[in-house]
Structure formats: structure tokens, C-alpha cells
Amino acid sequence: MTGKKKPKKKRNTLKKGQIVNLIQGVFNNNPKRSYNYKQISTLLDLKKPVMKQAVVQILYEMLDSGFLTETAKGKFKLLSRNKYIIGTVDATKSGAAYIVPEDGDGDDVFVSQQNLKSALNGDIVKVQCFAKKRGKSQEGEVLEIIERKRDSFVGRIEMSDNFAFLVTDNRVMFKDLFIPLTKLNGATNGQLAIGRITDWKDHNKNPFGEIIEVLGDAGENNAEMHAILAEFDLPYHYPEKVVAAAEEIPEEIPSEEIKNRRDFRGITTFTIDPKDAKDFDDALSLQKLENGNWEVGVHIADVTHYVTPKSIIDKEGYDRATSVYLVDRVVPMLPERLSNGICSLRPNEDKLCFSVVFELDESANLQDYWIGRTIIHSDRRFTYEEAQTTIETGEGDFNSDILQLDGLAKKLRKKRFQSGAISFERTEVKFEIDETGKPLSVFFKESKDANKLIEEFMLLANKKVAEFIGKKEISNGNGDKAKTFVYRVHNNPDPEKFENFARFARKFGYDINGEDPDKISGTINRLLKDVEGKKEQNIIEVLAIRTMAKAVYSTKNVGHYGLAFKHYSHFTSPIRRYPDMMVHRLLEHYLDGGRSLNQEKIEEQCKHCSKMELTASEAERSSIKLKQVEFLKDRVGEQFHGVISGVTEWGFYVELDDNKCEGMVSMRSLDDDYYSFDEENYCIIGRRKNKKFQLGDPVRIQVANANLVKKQLDFELIAVL
């Protein structure tokens, strides 16, 4: 016997409160649409006249209450009760974006690609927020572009009979620029060029533009390198006015200036730098004191003596904030007359410096130090290779001085690691390049004792400069507040990220524990030592680095976790880093008895410098990627051994053992199963056969394609080893 089914409750018998909730749901789910009472009644399946009359009444009540607005007589739309916000566009890979409020008040607002209109990443925009749906993120739409972050873009010219397009990189600009033939500025089909937006109405699919500079033919090295710099909105030549201002700076050092400085010209002094370096911004001096201790001088080019605040050179240096190191060139922060000439600590020339002078005993214990302005005279310019040969053989110019400094540096280094510093020493990949920029071979650059010698004394100088300002003694029972300063800060690892990393490392048999934050550095050091020479070494090192926070510049000192320093700054490279120039000026101001300067203003400058450092790093990686693709384009079809170096939802990356070039095996090329991405376990796994491609797995691949335009290598999987 079957029971009768209960009849469904008909919409026509709903109570008023229920109808109100349903109508609110319609408008909340469709915040941009307008409805009249008939459309609402149809959507809610309310057919009786009395119900329709109730809908009319409720709509006008909602209008009176401010929930709805009347767009036309009898037509209603959701009235956003949230404020308009002004914020910065933070674009996602999908083409949508989050708007970050400029006042830092409230959550980011999600804007779909359609509602972004013509706004681009980094633009400052005005956004209208939709009524927030329960349990969902705040959404909105762009009403106005207040300020463009950039209006010029790099791309490749594609010609037709009546017009042209500048085809841009989707990651930077998601629409190609429409270029009238009269606005080509001499550009021809296939050339790389920089275009500027001249007009972009919301109803136009593509922006109108004009070519402002032709970079050259695609594939030509200089054109490609200039295109990379333009892509990241980095300058690749100096304005003539800045170069002219640098030419006017005299090289001669006035005798009055020498009198005001500590004179090191009679003390053994030399530089140790890469063999292709021209901007020598640090030198070391060494002498034995009467008490048996060693005096080590760390002498840094006195750039701020020549570059005055708010000058045309200073403004250009601040905008750039850093020198940019591409695979085949350096784009200097300062004009070459300064960076490679007047400021560079070249041998056999008197040079002005800002110095930190240490007194160390034979065990490298710091007994005393002094900070101030100096004049030096370098006796010799060493390359790292020359200094390394002296360390290994004990022979060569100034051999006793180099060996003594090496011994002290090794003792300093040992103490630093005993204090909890983390030892990241990844192999640096370099290309041997011919005169046309073509990569001929790959070699691996290792950090040897000569590099570590310089590194250790630079670290000590940076640390002591930061302590000099930031480490205040308690006086009269009250702690003096440290004066505003520029620190290089590095936060503790995120516990969740570290636990994910630890879980992955355990799969290789390494027992690491991240429960005690104070012991993480020691744990990582032990792990890095244990993986040396193992097939998983590179991937473990890469992931360990990724668990670390990014070091940045800030006036808010939180210490440097990776170095295990409570105070750390950047003082030793003012030729190539603007923060070091800031530190030099602050030091001079405070050494002269000046009061603490405006923290808010200097913090803003710190953020700019951190941002430009990241941009320069991305440009460097892009230039390396270009050379990797160029290096392998003649090897399409060849097979290589490698290791899975990255896993994503669209495939996995493989880094080749022989040359460290990295390419992708796409998910769609794995046609033996349907694979899905397991983010937590760093792998791709087949649904039917349960086959797994794990981060760190050794594989053999074949080079399938090398796309120079996209700087992209495509690999085909041959076997898992």
C-alpha cells in the first residue's frame, strides 16, 4: 500500500514575508538588472492577481526603504548601499581583478573581466560596489579610471592593407592596440615596437594607439632586450639632460674635502669583483694594529657626495631604484660617468668613501668599530678568480692580506651559522654569449671562498650600520626610540607554508619538524646539507626558498630571519641600489646630530624601492628565459634528462639537468588518462590509473617546441625515470 504524496506548497499561497525574501534574492543575484512587477511575478510563479498586487506593494516599500531604486516608471533595480571606493587594480591570470582600496580600509573588491571595462593592472580606479551577497566576497564594477599606471606597451607589429595591430603580451595588456597606418612611425610588419594608447572608449573592443618607438626586428638581440625592459616599464637609455648633468660633475677632489675625512690612502686596500664588472662600489683595507688585532676597513663609494637630493640625477636614480641585470648587460641606476667612473673605486686613484672600520681579534671577535667618511687609494683590482687562486695556492699579489681576510671571514661565517643563519647557496646559471647575443653554451657559477670573503664583510658592515641607528641603549630608565631608518627586513616563514614543505620533504625520507619557529632555521640548514648531491637537491632547495618570506625595505624593523640578524640594512652598494643611498644620507644626518626624519615619507620610498627591485628581478628572469628558448630552438626533437620543478593545474614544468633550462609538459599532451592537479601534494594524478607526476620526479623529455615570441619551451614526456 502506498501513501499519498504531500502536495507541494504553491507559490500563490506564500505569505508576505516569504515573498519579500524571494524578491530580495532576485535583485541580489542580478544586481545590474531592472525588473517591473510583471517580470518579478513571472520569475516567482505568482499568478493570482492578489499576489501580483502584493508584489507591487512590496516593490514600492523596498523603494522607500532604500533597498531599490526606480530606473524608469514601474521598473526597479538594486540600489547599492555600499560606498564607492577608490583603489588599485590587481589583475588575475583569468582577466578578472581585485580592487585594493587605497585607504587600506575594508576588503578587496572583486571585479569580473566584463566589469573592468578598459582598466588594466595597476590602474587607480573608482568602483561601485554591488550589494553584498551572503557568504560571498564583495563584488563591483569599474565606473572610472582615475589614473593609468601606464599607457605604453611593447609588442609586435602585424600589418594589413588598411591598418595594423600592436600584438601585446596578454599578461600585461589583454587587448592588442589598433594602429592607423598614419601612426606607425616607420614600423614595419614583424618589428618590435612600443605603442601608446591614444583613445579607448568602453564600447570599443580594442584601444586605439600610436607607435612611439621602433625597437627593431624580432629575434635581434638588442631589440629583444629593449623589448623586455619596455615590457616591465623599465628604461633602457638615459635622458640626455641626466647624462649632461653627470658630465658637469668634476672628478677632482678638493683639498678641503680631504681634510674633513679619515685618510686611508697609505693602508693596503684592494677591490674584488666579477671579471666583467666596471662599477666597483666596495673595497677592503687591512692593517695589523699594535695591540695584535686586525683593522679591516669596508670602504663604500661615497655616491651621495656627488648626487645631491632632488637633483635631476637623484630623481632619475630614485625612479629606477636599482640597476637591472639582464643576461647580457647591466642597465645602471646611475649614469655611467658616475657608476663606472667618478664613484667607481678603480685602482691607483684617490676615491671618496663612506666606511665602516672594524677592529677584530684573531678569532674574528669584534672589539670595536667606527663609521665615517674617508678617502682611499686602491692598490689593486682583483677578479674573484684571481683572489680564489691566491686563497687556494697561497701565491699572488697581496697574498698574506687576502689569506688573512679569508681566515677572518670564515670565522665570521661560522659564528653566523651558529647563530641561526640559513645557508642558501643555489647554483647560478650563466650563458656564454657571442657578439650578436646568441647563447653558445651554459655554465654554472658557484660561490667560492673569494665570493664568501667579500659577502661576509659586507654583511658585517650592513649589520653594524643598522645597529648603530636601531639599537638604542636605555638611558635614565627610559628607552630612546630609534630614529627613522631604512632596514632590510625578512619575516619568519609562514607556519602553514613550512608545514606543507615539511610534508613534501618527508616523502623523500627527511625528518623535519616546523613546530618550533625558533628551530626552523637549524632544521632547514640540516636538510640542505643532507640533500647535497642527491637527485632531489635542486627541488628541495627551490621549495625551501619558496617557503621563505620575501626580503623588503622598511622603516619598521622586524629583523632579518634568513641572516639571523636583529638589525640589518643595505649600505654597501649605493652605485646600484637607491636604498643604500638613502641609508648613506640618513647616516650622515644622524652622525651630524640631526633629528629623526619623517617615517611616513621614508616608508613610502622603501615601498617604491622594494617594488622596483621585484620588477627588475622579473625582467632578469625574462631575459634568462629568452636565452633558454634561443639556446634550445636548434635542439627541437632532442631528448634530455630533467626533474619536475613545478606543478600547476595546466601541466608540469621540467628543469633539464644539463643546462637548467625549464619548459612545460602540458596537461593536454598527457593523453593516457584524465589528470587533475593535487596542490597539497605537489603532483598531478590520473583519475583512472592513479599515475602520478610528483614534484622532484626525474623524467626524460623531448623538446617539442621553442617559441621565442612567447619565451616558452614545450616539452613532450618520454618517460618517468
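### Notes on the environment of aspartate 658
Positionally, aspartate 658 belongs in the loop between strand S30 (651-656) and strand S31 (662-666). In this structure, the C-alpha to C-alpha distance between aspartate 658 and lysine 183, residues 475 residues apart in sequence, is 47 Å.

### Points about the pattern of salt bridges
Using the criterion set out here, one finds 38 salt bridges in the structure. Residue aspartate 406 pairs with lysine 410 through a salt bridge whose shortest N-O separation is 2.9 Å. Of this pair, aspartate 406 and lysine 410 both sit in helix H11 (residues 399-418), 4 residues apart, roughly one helical turn. By relative accessible area, aspartate 406 is classed as buried at 6%. The partner of glutamate 655 in a salt bridge is lysine 660, with the nearest N and O atoms 3.9 Å apart. When its relative accessible area of 24% is taken as the criterion, lysine 660 is described as partly exposed. The network of salt bridges with shared partners includes Glu257, Arg261, Asp302, Arg373 and Glu588.

### Digging into the layout of surface pockets
The calculated volume of the second largest pocket comes to roughly 490 Å³. Lining the second largest pocket we find 16 residues, and of these Pro309, Tyr578, Arg585, Lys601 and Gln605 sit closest to its centre. At the level of elements, helix H8 (312-320), helix H16 (578-591) and helix H17 (599-632) are the ones that each hand at least two residues to the lining of the second largest pocket. In terms of residues, the lining of the second largest pocket owes the most to one element, H16, which gives 6 residues. Looking at the lining of the second largest pocket residue by residue, the class counts come to 7 nonpolar, 3 polar and 6 charged.

### What to know about the packing of aromatic side chains
Under the definition given, this model contains 20 aromatic pairs. Aromatic pair tyrosine 318 and tyrosine 578: ring centres 5.4 Å apart, planes at 70 degrees, arrangement edge-to-face. On the criterion of sequence distance, the pair formed by tyrosine 318 in helix H8 and tyrosine 578 in helix H16 is long-range, its members being 260 residues apart. Residue tyrosine 578 is classed as buried on the basis of its relative accessible area, which comes to 5%. Taking 6.2 Å as the distance between ring centres and 65 degrees as the angle between the ring planes, the aromatic pair formed by phenylalanine 431 and phenylalanine 631 counts as edge-to-face. Taken together, the positions of phenylalanine 431 in strand S23 (residues 428-433) and phenylalanine 631 in helix H17 put the pair 200 residues apart, joining distant regions of the chain. Chaining the aromatic ring pairs together yields one cluster made of Phe163, Phe165, Phe178 and Phe208. For the cation-ring pair, arginine 262 lies above tryptophan 370, with the distance from its terminal atom to the ring centre recorded as 4.7 Å. The lysine or arginine in question, arginine 320, covers the ring of tyrosine 238, its NZ or CZ lying 3.8 Å from the ring centre.

### Here's the deal with the pairing of strand S10 (residues 163-168)
Bridge count between strand S9 (residues 152-159) and S10: 5 bridges; the pairing is antiparallel. Each residue of the ladder has a partner; that of glycine 155, found in S10, is threonine 168. Counting the residues in the hairpin turn of S9 and S10 gives 3 residues. The pairing of S10 with strand S11 (residues 177-180) spans 4 bridges and is antiparallel. Paired with alanine 164 across the two strands is isoleucine 179, which belongs to S11.

### With respect to the nonpolar core
One finds Ile313, Leu338, Phe457, Phe485 and Leu587 to be the most contacted residues of the largest nonpolar core, which totals 98 residues. The element contributing the most residues to this core is helix H12 (residues 449-470), with 10 residues. In terms of nonpolar packing, the next biggest core, distinct from the first, is built from 45 residues, Ile512, Ile524, Val531 and Phe652 among them.

### Quick notes on the packing of helix H13 (residues 495-506) against helix H15 (residues 537-547)
As a packed pair, H13 and H15 sit with axes 9 Å apart at the nearest point and diverge in direction by 165 degrees. Here H13 lies roughly antiparallel to H15, going by the angle between them. The interaxial crossing formed by H13 with H15 has left-handed handedness. Contacts between H13 and H15 pair Lys497, Phe498, Phe501, Phe504 and Ala505 from the former with Ile540, Leu543, Ala544, Arg546 and Thr547 from the latter. When its residues are assigned to classes, the contact of H13 with H15 shows 7 nonpolar, 1 polar and 2 charged.

### Remarks on helix H10 (residues 384-393)
Within the sequence span of H10, burial applies to Tyr384, Ala387, Gln388, Thr390 and Ile391. All buried residues of H10 lie within an arc of 160 degrees about the axis, which places them on one face of the element. Of the surrounding secondary structure, the elements contacted by the buried residues of H10 are strand S15 (269-273), strand S22 (380-383), H11 and H12. Backbone geometry just downstream of H10 places glycine 394 in the positive-phi region, at approximately 80 degrees.

### Topic: unusual backbone geometry
We note that aspartate 233 has phi near 60 degrees; this positive angle belongs to a residue other than glycine. By secondary structure assignment, the location of aspartate 233 is in the loop between helix H4 (221-231) and helix H5 (240-247). For aspartate 233, a relative accessible area of 42% corresponds to the partly exposed category.

### A look at the confidence of the model for the chain
Mean pLDDT over the chain stands at 89; residues scoring 70 or higher make up 94%. Segment residues 1-9 is flagged for pLDDT under 50; beyond a separation of four residues in sequence, or across chains, it makes 1 contact in the model.

### Digging into the side chain of glutamate 359
Structurally, glutamate 359 is set in strand S20 (residues 350-360). A polar side-chain atom of glutamate 359 sits 2.9 Å from a polar atom in the side chain of asparagine 291. Here glutamate 359 is in contact with Leu289, Asn291, Asn293, Trp294, Asn365, Leu366, Gln367 and Asp368, once residues within four sequence places are set aside.

### A closer look at the sheet that holds strand S8 (residues 140-147)
Read across the open sheet, the 5 strands follow the order S6-S5-S4-S7-S8; overall the sheet is antiparallel. A strand with exactly one partner marks an edge of an open sheet, and here the two such strands are strand S6 (109-111) and S8. Averaged over all neighbouring strand pairs, the angle between strand axes comes to 40 degrees, with direction disregarded.

### Side note on the sheet that holds strand S3 (residues 75-78)
Reading across the sheet, the 3 strands line up as S1-S3-S2 and stay open at both edges, with antiparallel pairing between neighbours. Whereas interior strands pair on both sides, the edge strands pair on one side only; in this sheet they are strand S1 (34-35) and strand S2 (68-72). The pairing of S1 with S3 spans 2 bridges and is antiparallel. When the sheet's bridge partners are listed, serine 34 is paired in S3 with lysine 77. Set on the sheet, helix H1 (residues 16-29) makes contact with S1, S2 and S3; between it and S3 the angle comes to about 70 degrees.

What counts, and at which threshold
- Residues numbered from 1 in each chain as written.
- Predicted model: local features only at pLDDT ≥ 70, side-chain atom pairs only at ≥ 80, totals over all residues.
- Heavy atoms only, no water.
- Helix = DSSP H or I, 4+ residues; strand = E, 2+ residues; numbered from the N terminus.
- Salt bridge = Lys/Arg side-chain N within 4 Å of Asp/Glu carboxyl O.
- Buried < 20%, exposed > 50% of the residue type's maximum accessible area, 1.4 Å probe, protein only.
- 1 Å grid on protein atoms, 1.4 Å probe; cavity = no way out; pocket = protein on both sides within 12 Å on 5 of 7 lines; lining within 4 Å.
- Points joined across faces, edges and corners; volume = space filled by probe spheres on them.
- Nonpolar A, V, L, I, M, F, W, Y, C, P; charged D, E, K, R; others polar.
- Phe/Tyr/Trp six-rings, centres within 6.5 Å; stacked < 30°, edge-to-face > 60°.
- Lys NZ or Arg CZ within 6 Å of the ring centre and 35° of its normal.
- Pairing = 2+ DSSP bridges.
- Core = buried A, V, L, I, M, F, W, Y, C linked by side-chain atoms within 4.5 Å.
- Axes fitted to C-alpha atoms, helices over the stretch in contact; angles between N-to-C directions.
- Parallel < 35°, antiparallel > 145°, perpendicular 65-115°, else oblique.
- Left-handed = near helix turned anticlockwise from the far one by under 90°.
- Contact = heavy atoms within 4.5 Å.
- Arc of directions from axis to C-beta.
- pLDDT = per-residue confidence, 0-100.
- Polar contact = N/O pair within 3.5 Å; in protein donor to acceptor, adjacent residues only side chain to side chain.

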